Amino acid sequence: MFMPTPCDWDKRHIKELRHLINEYGYAYYVLDQPLIADFEYDQLFKELEDLERKYPALITPESPTQRVGAAPLKAFAKVQHKIPLRSLNNAFDRNELERFDQRIKEQLELSEICYIAEPKLDGLAVNLCYQGGILIQGATRGDGQVGEDITHNIRTIPTIPLQLRGENVPKFLEVRGEVYMPKTAFYQLNQEGKLKGERSFVNPRNAAAGSLRQLDSKITAARSLAIFCYGIGEIEQGKIPISQYRVLIQLKEWGFPVSPYSQLVCDISACWTYLEKLLGLRSQLPYEIDGVVLKVDDLTQQNNLGFTARAPRWAIAYKFPAQEASTQVLAIEVQVGRTGILTPVARLDPVSVGGVVVRNATLHNESEVQRKDIRVGDKVLIRRAGDVIPEVISVILEYRPENSTPFAMPQCCPACNSEIIKEQQGTIARCSGGLYCPAQQKGTIRHFVSRKAMNILGLGEKITNQLIELGLVKNPSDLYQLTIEKLSALEGIGEKLATRIVDRIEKSKETTLSRFLYALGIREVGETTAQLLAKEFRSLTALMISDEEQLQKIPEIGPVVASHIVGFFCQNHNREVIYKLQGGGVFWVEVDINKERNPNHLPLLRQIFVFTGTLSTMTRNQAKEKIQTLGGRVNNHVSSKTNYVVVGTQPGSTLNKAKELRVAILDESQFQGLLEQ
Ligand code: I6G
């Protein structure tokens, strides 16, 4: 086979390309400050790949193109760690932290100690070895003395440097860190697994562990793993920093990602403040943390304190309340939602999870219950993460009662006895009763009066249920026929409250087209789609007479949403409700079409924005209004259709997702600049 010979220019160019790719990758992944546009980065990468394909003899293991290995391994080799990876002692309350501080002060005979507080990621400890600055080995912690060689998988994690940056490169170096899977990647992985009928991972930590223990590195490469590094093990012919704070700076200079939340705290009460702050942030972080690690900052002091057999004396892990707990399923009930979907819900023996008492957990749908084989009487592991509804992760089969039976969905709607129709290969069960079904009526009314819809405050669940059960309200238009007399006849409502509710119903009559469309509760038409439809059609009549083809001309509207919209307006009873609502006084101001359609007024026409984090110069609603007046839209979730993600302080997982999808990222001042332009 003909092998072209590289000239000096090719060799220099390959070196230069690798350097640039590493620099830009470091700025993007580690510093979070992209220096070039994504497509420019992709072009450089492709250019390097082309050259390496042309001159394979010039490929080196540390080249950024060489992260994913070719042949899968047969087994993992064992690795003896040069310096053991120890455990940490745990603390579960403030007292234990204070005792830790006291012990250290006594042992060092000092009255003041400076600590460094670092988030404790719920991931997997790994050890990375660098020889002459080149990554030569990555290993799991194992039992602390002997781990497994997972170098081929470690190399696929984009934020782990294959070659150290900077000046101070030791002859040999061990770096310790925690590999984790971001929450979004975890949910996506389980979602994809579910579609393929695979078992789901219990939590991001298990998913990260499963991904690192793959013999085929191509699988690991597809799993979006990341790392935060926190320590140095063995170091040969290199300068050892004088404090943990300096260790973190040095790690960053070598190119390792280091948690942005690490902080020096100079007494135990400052540590407590840090801890409470981080606990508050916990649900917004794009990855799971299970506590805070507190370390004596000064490395000489650390040396003087030394180790017990198991753990360093100079560090402690404060554990946050668990997000998982075990409890018993007392019953499985089936709820009927606004659109008739039946959802099985587990009623649980109340249990505290992360400081909150959990009584119910969603079981999603029949096939999910069958897949996990959850039965009444089972002891189950449940999980509560952030604002997400608690979920049953798995059944602890050892405790299953002998006489338990598998769960089966009811044959008829539990609220109205109507026939149940199965959709989407049987995964969705829907009541066919429509607005005849009281459960769907209740859901419809609750949605109609909700804050983002008609915003009728005071009409809570109890009152709505009574109104429906007494037959006073069957559909949203009946709300506008309510009087003070009718309302004050209900249980628990005096004349004062009735007057207030009637007043609020009256106020809700003046609304906007988008709110009204959202309030109608058309399937798949959420707040954003409703705003989109209002903007595109300007009038309700125009939308009501539109067909699926016309609707699908709007880029965000696909065939399913289009068919739900057309289907909704085709139904006589829906049209009747709309006319009655308008007859009852509901109105909105039509927009001046000519002004809005002039593209000079709409420089952000069809541009989709997503916000993450807190803006300092305006509220999100103010920003949203500005974007909308310039023709743009604001969505809640980032997707490949998003044009810009605007990042404020303490951004959430959206930022990572935006990076994954390579969506343009604006900080607040860039966003301001765009608006002013
Ligand atoms: O397992 C660990 C997680 C995080 C650690 C650790 C850490 O610091 C942020 N630090 C030490 C010293 C050890 N394990 C032993």
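Residues numbered from 1 in each chain as written. Predicted model: local features only at pLDDT ≥ 70, side-chain atom pairs only at ≥ 80, totals over all residues. Heavy atoms only, no water.

Engineer: How would you summarise the overall build of the protein if you had to cite specific residues and measurements?
Structural biologist: Each helix and strand in the protein was counted, giving 25 helices and 24 strands. The principal-axis extents of the C-alpha atoms in the protein amount to approximately 85 × 65 × 55 Å. Out of the 677 residues belonging to the protein, those deemed buried represent 48%. In the structure as shown, the protein presents an accessible area of about 34200 Å², 50% of it carried by carbon and sulfur atoms. Here the protein carries 81 positive and 78 negative side-chain charges, and the mean point of each set is 2 Å from the other. (Helix = DSSP H or I, 4+ residues; strand = E, 2+ residues; numbered from the N terminus. Buried < 20%, exposed > 50% of the residue type's maximum accessible area, 1.4 Å probe, protein only. Areas by Shrake-Rupley, 256 points an atom, 1.4 Å probe, with all protein chains shown as cover. Lys, Arg positive; Asp, Glu negative; His and termini not counted. Charge placed at Lys NZ, Arg CZ, Asp CG, Glu CD.)

Engineer: Account for helix α12 (residues 438–449), naming residues and giving values.
Structural biologist: The end-to-end C-alpha separation of α12 is 16 Å, in line with the 16 Å expected for 12 residues at 1.5 Å each. Residues Ala 439, Gln 440, Gln 441, Lys 442, Gly 443, Thr 444, Ile 445, His 447, Phe 448 and Val 449 constitute the buried set of α12. Next to the buried residues of α12 lie β12 (324–336), β18 (428–431), α13 (461–469), α16 (513–519) and α21 (572–583). (Expected span 1.5 Å × (residues − 1). Contact = heavy atoms within 4.5 Å.)

Engineer: Now, about the packing of α12 against α13: what can you tell me, with residues and values included?
Structural biologist: Two elements in contact, α12 and α13, have axes whose closest approach is 10 Å; the angle formed by their N-to-C orientations is 135°. Judged by the angle between their axes, α12 and α13 are oblique. Here α12 runs over α13; the crossing is right-handed. Contact with α12, carried on its side by Pro 438, Gln 441, Lys 442, Ile 445 and Arg 446, involves Glu 461, Thr 464, Asn 465, Ile 468 and Glu 469 of α13 and no other residues of that element. The class makeup of the residues in the contact of α12 with α13 is 3 nonpolar, 3 polar and 4 charged. (Axes fitted to C-alpha atoms, helices over the stretch in contact; angles between N-to-C directions. Parallel < 35°, antiparallel > 145°, perpendicular 65-115°, else oblique. Left-handed = near helix turned anticlockwise from the far one by under 90°. Nonpolar A, V, L, I, M, F, W, Y, C, P; charged D, E, K, R; others polar.)

Engineer: An account of unusual backbone geometry is needed here, citing residue identities and associated values.
Structural biologist: Phi is positive for Gln 424, close to 50°, though the residue is something other than glycine. With a phi close to 55°, Asn 455 is a non-glycine residue in the positive phi region. Along the polypeptide, Asn 455 turns up in the loop between α12 and α13. Since its relative accessible area comes to 32%, Asn 455 is described here as partly exposed.

Engineer: If you had to explain the side chain of Glu 368 to someone new, which residues and values would you point to?
Structural biologist: By the secondary structure assignment, Glu 368 is in helix α11 (residues 366–372). Here Arg 371 takes part through its side chain, which lies 3.1 Å from a polar atom of the side chain of Glu 368. Excluding its chain neighbours within four sequence positions, the residues that come into contact with Glu 368 are Lys 194 and Leu 363. (Polar contact = N/O pair within 3.5 Å; in protein donor to acceptor, adjacent residues only side chain to side chain.)

Engineer: Break down the site of the ligand for me, with residues and values.
Structural biologist: Close to the ligand lie Arg 86, Leu 88, Glu 118, Glu 178, Tyr 230, Val 293, Lys 295 and Trp 314, which account for all nearby residues. Between Lys 295 and the ligand, the recorded distance is 2.9 Å, taken from a side-chain N or O atom to an oxygen atom. In the complex, the protein chains occlude 86% of the 370 Å² of accessible area that the ligand would expose alone. Classifying every residue of the shell around the ligand by side-chain character gives 4 nonpolar, no polar and 4 charged. (Near = heavy atom within 4 Å.)

Engineer: Describe the nonpolar core, and please don't skip the residues or the numbers.
Structural biologist: In this structure, Leu 479, Leu 517, Leu 533 and Phe 569 are the most contacted members of the largest nonpolar core, which totals 50 residues. Contributing elements (two or more residues each) for this core: α12, α13, α15 (495–508), α16, α17 (527–537), α18 (540–544), α20 (559–570) and α21. Those residues within four positions of Leu 479 in sequence are excluded, and the remaining contacts are Ile 445, Phe 448, Val 449, Ile 456, Leu 459, Val 473 and Ile 505. (Core = buried A, V, L, I, M, F, W, Y, C linked by side-chain atoms within 4.5 Å.)

Engineer: Which residues make up the state of the cysteines, and what values do they have?
Structural biologist: For the coordinates displayed, the defined rule picks out 1 disulfide. The disulfide bridge from Cys 114 ends at Cys 266, spanning 2.2 Å between sulfur atoms. Here Cys 114 is found in the loop between α3 (94–108) and β3 (115–121), whereas its partner Cys 266 is found in the loop between β9 (263–265) and α9 (268–281), with 152 residues between them in sequence. By relative accessible area, which is 25% here, Cys 114 ends up partly exposed. The class for Cys 266 is partly exposed, based on a relative accessible area of 46%. The closest cysteine sulfur to the non-disulfide-bonded Cys 271 is located on Cys 266, 11 Å from its own sulfur. (Disulfide = S-S within 2.5 Å.)

Engineer: Mind laying out the pairing of strand β13 (residues 342–353), listing which residues take part and the relevant values?
Structural biologist: The sheet contact formed by β12 and β13 spans 7 bridges and is antiparallel. Looking at the pairing, Val 329 lines up with Leu 348 of β13. Across 6 bridges, the pairing between β13 and strand β14 (residues 356–362) is antiparallel. Bridged to Arg 347 within β14 is Asn 360. Hairpin remark: β13 followed by β14, antiparallel, with 2 residues in the connecting loop; positive phi at Gly 354, about 60°. (Pairing = 2+ DSSP bridges.)

Engineer: Outline the sheet that holds strand β7 (residues 172–180), supporting the account with residue identities and numerical values.
Structural biologist: Read across the open sheet, the 4 strands follow the order β5-β4-β7-β8; overall the sheet is antiparallel. Sheet topology places β5 (134–140) and β8 (226–236) at the edges, where each strand pairs with a single neighbour. The average undirected angle you get between the axes of adjacent strands in this sheet is 25°. Pairing between strand β4 (residues 124–131) and β7: 8 bridges, direction antiparallel.

Engineer: Describe in detail the confidence of the model for the protein, supporting the description with residues and values.
Structural biologist: Looking at the protein as a whole, the pLDDT averages 89, with 96% of positions reaching at least 70. Within the protein, the lowest mean pLDDT, 44, falls on helix α22 (residues 593–597), and the highest, 97, falls on β7. In the model, residues 592–599 has pLDDT below 50 throughout and makes 8 contacts with residues more than four positions away in sequence or in other chains. (pLDDT = per-residue confidence, 0-100.)

Engineer: Just give me the short version of helix α1 (residues 8–30), but keep the residues and values in it.
Structural biologist: Taking 1.5 Å per residue, 23 residues should reach 33 Å; α1 reaches 32 Å between its end C-alpha atoms and fits that length. Where α1 is buried, its residues touch α2 (38–54), α8 (244–254) and α24 (653–661).

Engineer: So what about the side chain of Glu 366? Which residues, and what values?
Structural biologist: Relative to the elements of secondary structure, Glu 366 occurs in helix α11. In this structure the side chain of Glu 366 is engaged in a polar contact, spanning 3.0 Å, whose partner is the side chain of Lys 422. In this view, Glu 366 contacts Pro 344, Ala 408, Met 409 and Lys 422; residues no more than four positions away in its chain are not counted.

Engineer: Describe the packing of aromatic side chains, and please don't skip the residues or the numbers.
Structural biologist: Scanning the model with the defined rule gives 16 aromatic pairs in all. With centroids separated by 5.4 Å and ring planes inclined at 75°, the aromatic side chains of Phe 228 and Tyr 287 adopt a geometry described as edge-to-face. Within this pair, whereas Phe 228 is found in strand β8, its partner Tyr 287 is found in the loop between α9 and β10 (289–296), the two being separated by 59 residues in sequence. Three or more aromatic residues joined by ring pairs make a cluster, and in this case those are Phe 609, Phe 611, Tyr 644 and Phe 671. Positioned above the aromatic ring of Phe 172, the side-chain terminus of Lys 82 is 5.1 Å from the ring centre. The cationic tip of Arg 165 hangs over the ring face of Tyr 26; the distance from NZ or CZ to the ring centre is 3.8 Å. (Phe/Tyr/Trp six-rings, centres within 6.5 Å; stacked < 30°, edge-to-face > 60°. Lys NZ or Arg CZ within 6 Å of the ring centre and 35° of its normal.)

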